[in-house]
Amino acid sequence: MTQAYAATDFADRGQLNSVQLNVVTLIDMEKAAATKSLDGCLYMMDNSVGGVGQGSDHLETICKQGQVINWIVRPIDMHRRQDGTWPPMPKINNLVFLDIEKGDEDDVAERRIMTELKVYGAPDRMRDQYTAVYYYWAGAVMSDAKPGVYRYRFVLELEKEQGTDKLYLNSVNYPALRILTV
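Residues numbered from 1 in each chain as written. Predicted model: local features only at pLDDT ≥ 70, side-chain atom pairs only at ≥ 80, totals over all residues. Heavy atoms only, no water.

Draft legend 1. Representation of the overall build of the protein chain. Along the backbone of the protein chain there are one helix and ten strands. Across the protein chain, helices and strands are ordered from the amino to the carboxyl terminus as β-α-β-β-β-β-β-β-β-β-β. In the protein chain, which comprises 182 residues, the share counted as buried stands at 40%. Long-range contacts, defined here as pairs at least 24 residues apart, represent 65% of the contacts in the protein chain between residues at least 6 apart. Total accessible area computed for the protein chain in this model is approximately 10100 Å², and 48% of it derives from carbon and sulfur atoms. (Helix = DSSP H or I, 4+ residues; strand = E, 2+ residues; numbered from the N terminus. Buried < 20%, exposed > 50% of the residue type's maximum accessible area, 1.4 Å probe, protein only. Contact = heavy atoms within 4.5 Å. Areas by Shrake-Rupley, 256 points an atom, 1.4 Å probe, with all protein chains shown as cover.)

Draft legend 2. Broad picture of the pattern of salt bridges. If you walk through the whole model with that rule in mind, you get one salt bridge. The closest approach of N and O atoms between Arg 178 and Glu 60, which form a salt bridge, is 2.6 Å. Here Glu 60 lies in strand β3 (residues 60-64) and Arg 178 lies in strand β10 (residues 176-180), a separation of 118 residues in the sequence. Glu 60 gets classed as buried once you look at its relative accessible area, which sits at 11%. (Salt bridge = Lys/Arg side-chain N within 4 Å of Asp/Glu carboxyl O.)

Draft legend 3. Structural view of the confidence of the model for the protein chain. Per-residue confidence for the protein chain gives a mean pLDDT of 79; residues scoring 70 or more make up 74%. Within the protein chain, no element has a lower average pLDDT than strand β6 (residues 114-121), which sits at 70, and none a higher one than strand β2 (residues 42-46), at 95. (pLDDT = per-residue confidence, 0-100.)

Draft legend 4. Structural context of the environment of Asp 39. Examined against the element boundaries, Asp 39 turns out to sit in the loop between α1 (29-35) and β2. For the pair Asp 39 and Asn 173, spaced 134 residues apart in sequence, the C-alpha separation works out to 7.2 Å. Excluding anything up to four places from it in sequence, Asp 39 contacts Lys 31, Asp 57, Val 172 and Asn 173.

Draft legend 5. Broad picture of the nonpolar core. One finds Ile 69, Trp 71, Met 114, Tyr 152, Phe 154, Leu 156 and Leu 177 to be the most contacted residues of the largest nonpolar core, which totals 34 residues. In terms of residues, this core owes the most to one element, strand β8 (residues 148-159), which gives five residues. Contact partners of Leu 156, with chain neighbours within four places excluded, come to Ile 27, Leu 38, Leu 42, Val 73, Lys 91, Ile 92, Asn 93, Leu 167, Tyr 168 and Leu 169. (Core = buried A, V, L, I, M, F, W, Y, C linked by side-chain atoms within 4.5 Å.)

Draft legend 6. Up close: the pairing of β10. Where burial is concerned, most of β10 is hidden: five out of the five residues are buried. In β10, alternate side chains face the same way, and those of Ala 176, Arg 178 and Leu 180 on one face and Leu 177 and Ile 179 on the other are all buried. Here five bridges tie β3 to β10, and the two strands are oriented parallel to one another. Within β10, the position partnered with Thr 61 by the bridge is Leu 177. The pairing of β8 with β10 spans four bridges and is antiparallel. Residue pairing for β10: Gly 148 is matched across the bridge by Ile 179. (Pairing = 2+ DSSP bridges.)

Right under this line is the structure:
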């Protein structure tokens, strides 16, 4: 049985007035490419109040209806190498919300949870020691989204070390949004 939360359950309720939340995911690109899996390769953090699972791949982010959420992905290794090259970059190709209520975590949710605001990112040629480069996916929680827990999976596009081929991987442990009644 899941516990229902309301905005009044949190001592720091002012944070829920924030227009945007950030979910930052660090990716162990070397391990993901070697194993062709994201299992044990994602480390997620957010700036929500009361979220659980910080630093893991099953983060639960507390949010409210209408709130904008930015998912930011970065490789763990972000520094220019001695040979002058940059490490490969990850990119969020999609976020897929799942219909857990049906009992099958592979079922895609029939009802929209988010309004997609697009995929954003900066080109690699802008990389330097002073400019952080990363990709992010932004979306707004639907204003009529029913309060509850919504699990999702990442579809990530990883650049390979050699060549122009891309590696597409789905997260295997599902992070979640916990939408509160406000």
